[in-house]
Amino acid sequence: MLSKKDLLGLEGVPKEEINAILDTAIQMKKILMSGSKKTPHLQGKSVILVFFENSTRTRVSFDLASKYLSAASSAISASASSVSKGETLLDTARTLDRMQADVIVMRHPMSGAPHFMAKNVNASVINAGDGMHEHPTQALLDMFTIREAKGDLQGMKIAIVGDIMHSRVARSNAYGMQTMGAEVILAGPSTMIPPGIEEMGIKTTTNVDEALTNADVVMGLRIQKERQSAGLFPSVREYYKYFGIDQRRIELAKEDAIIMHPGPVNRGVEMSSMMIDSDMSLIDEQVTNGLAIRMALLFMLTRSER
Ligand code: CP
């Protein structure tokens, strides 16, 4: 099972623990794909989803994962919670804890907010994305998808292209994939590559062709269009021209390369519609795998005896 009460990030999570989560998710995916999805794994447990930022995939998959495993679940958003009346995060945390939640799943625009929550509650806290920091369950489902397609992450060349600076997905994937023995290369405009990332042993480049050459996995990241007004890239058209993943660029990758994206995708910005809908694309499979990973995590965190 898991060594810590919470899953707040993948920095420092050992390979054995990542493999244990991915292995459990294999079993959960079997349940998910079977005719009967309801199981008693979380009978008597409760899960509260606290989302202070918009989400489709993460929120719905955690909600369904709780329900499929028979937990009692409840979801609140910032606008519908007492936070909108001025309640502090600490008081919100105390309130949820007194409702005897076993797991709190939290997305927040501020980096570190789930860590603060975790320190103040008895429940296990899962970080569902905090600011520009980490999105560990996304990285786990990405690694699950790669392992499923390629057998192993060891030795895989994984090119991650886009707004690295603001991407919690890139950060969690960089930590996790490196732990799993993959060669990670991050590519994007120089204004979107954070300084000091190479000190983590991760290669960076502003040349997407270089990143994609002989890649086993090509992952696009969402470009947040508000970054354009901040002057981080000149226009969506120019971004696509220099950094977009298209037919010519994908031909630089290995013949059996796979295309991934955490979603939501801006079609024709990070990658062409042809790439998104091609046979090489596992973007839809990532969504299904997200459910399996979240079922696995809810099960493992509620089973752990610490
Ligand atoms: N990938 C991801 O986190 O998507 P949502 O914002 O829809 O949850």
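Above this text you will find the structure in question.
Quick notes on the rules
Residues numbered from 1 in each chain as written. Predicted model: local features only at pLDDT ≥ 70, side-chain atom pairs only at ≥ 80, totals over all residues. Heavy atoms only, no water. Helix = DSSP H or I, 4+ residues; strand = E, 2+ residues; numbered from the N terminus. Buried < 20%, exposed > 50% of the residue type's maximum accessible area, 1.4 Å probe, protein only. Core = buried A, V, L, I, M, F, W, Y, C linked by side-chain atoms within 4.5 Å. Domains from an automatic or database assignment. Contact = heavy atoms within 4.5 Å. Expected span 1.5 Å × (residues − 1). Polar contact = N/O pair within 3.5 Å; in protein donor to acceptor, adjacent residues only side chain to side chain. Pairing = 2+ DSSP bridges. Axes fitted to C-alpha atoms, helices over the stretch in contact; angles between N-to-C directions. Near = heavy atom within 4 Å. Areas by Shrake-Rupley, 256 points an atom, 1.4 Å probe, with all protein chains shown as cover. 1 Å grid on protein atoms, 1.4 Å probe; cavity = no way out; pocket = protein on both sides within 12 Å on 5 of 7 lines; lining within 4 Å. Sits in = over half its atoms within 2 Å of the grid points. Nonpolar A, V, L, I, M, F, W, Y, C, P; charged D, E, K, R; others polar.

## Remarks on the environment of Ser66
Working step 1: Inspection of the secondary structure puts Ser66 in helix α2 (residues 57–68).
Working step 2: We classify Ser66 as buried; its relative accessible area is 0%.
Working step 3: Between the alpha carbons of Ser66 and Ile18 there is a distance of 21 Å; along the sequence they are 48 residues apart.

## Comments concerning the nonpolar core
Working step 1: Membership of the largest hydrophobic core comes to 63 residues, with the highest contact counts inside it found for Leu140, Ile160 and Met177.
Working step 2: Considering each element in turn, this core owes the most residues, 10 residues, to helix α12 (residues 283–303).
Working step 3: The two domains that each donate at least three residues to this core are domain 1 (15–134 + 287–301) and domain 2 (136–283).
Working step 4: If sequence neighbours within four positions are ignored, Leu140 has contacts with Leu7, Leu10, Ile18, Ile21, Leu22, Ile293 and Leu297.
Working step 5: Counting residues in each nonpolar core, the second largest holds 24 residues, with Val208, Ala215, Tyr239 and Ala257 among its members.

## Thoughts on helix α6 (residues 168–179)
Working step 1: With 12 residues, α6 extends 17 Å from end C-alpha to end C-alpha; this agrees with the ideal 16 Å at 1.5 Å per step.
Working step 2: Among all positions of α6, only Arg168, Val169, Ala170, Ser172, Asn173, Ala174, Tyr175, Gly176 and Met177 are buried.
Working step 3: Sitting at the head of α6, Ser167 places a side-chain oxygen 3.3 Å from the backbone nitrogen of Val169.
Working step 4: Of the residues flanking the end of α6, it is Gly181, one or two places downstream, whose phi is positive at about 90°.

## Digging into the sheet that holds strand β9 (residues 258–260)
Working step 1: Taken in spatial order, the 5 strands line up as β7-β6-β5-β8-β9 in an open sheet, and their pairing is parallel. Strands with a single pairing partner mark the edges of an open sheet, and in this sheet they are β7 (203–205) and β9. The mean angle between the axes of side-by-side strands here comes to 20°, regardless of whether they run parallel or antiparallel.
Working step 2: Pairing between strand β5 (residues 157–161) and strand β8 (residues 217–220): 4 bridges, direction parallel. Across the sheet, Ile158 pairs through a bridge with Val217, a residue of β8.
Working step 3: Set on the sheet, helix α5 (residues 136–150) makes contact with β5, β8 and β9; between it and β9 the angle comes to about 165°.
Working step 4: Here α6 sits on the sheet and contacts β5, β6 (183–187) and β8; the angle it forms with β5, its principal contact strand, is near 170°.

## Examining the site of the ligand
Working step 1: Lining the immediate surroundings of the ligand are Ser55, Thr56, Arg57, Thr58, Arg107, His135, Gln138, Pro262 and Gly263.
Working step 2: A distance of 2.6 Å separates an oxygen atom of the ligand from a polar side-chain atom of Ser55.
Working step 3: At 3.1 Å from a nitrogen atom of the ligand is found a main-chain nitrogen or oxygen belonging to Gly263.
Working step 4: In the complex, the protein chains occlude 90% of the 250 Å² of accessible area that the ligand would expose alone.
Working step 5: Structurally, the ligand is housed in the largest pocket.
Working step 6: When its residues are assigned to classes, the shell around the ligand shows 1 nonpolar, 6 polar and 2 charged.
Working step 7: Here the shell around the ligand spans two domains, since at least three of its residues come from each of domain 1 (15–134 + 287–301) and domain 2 (136–283).

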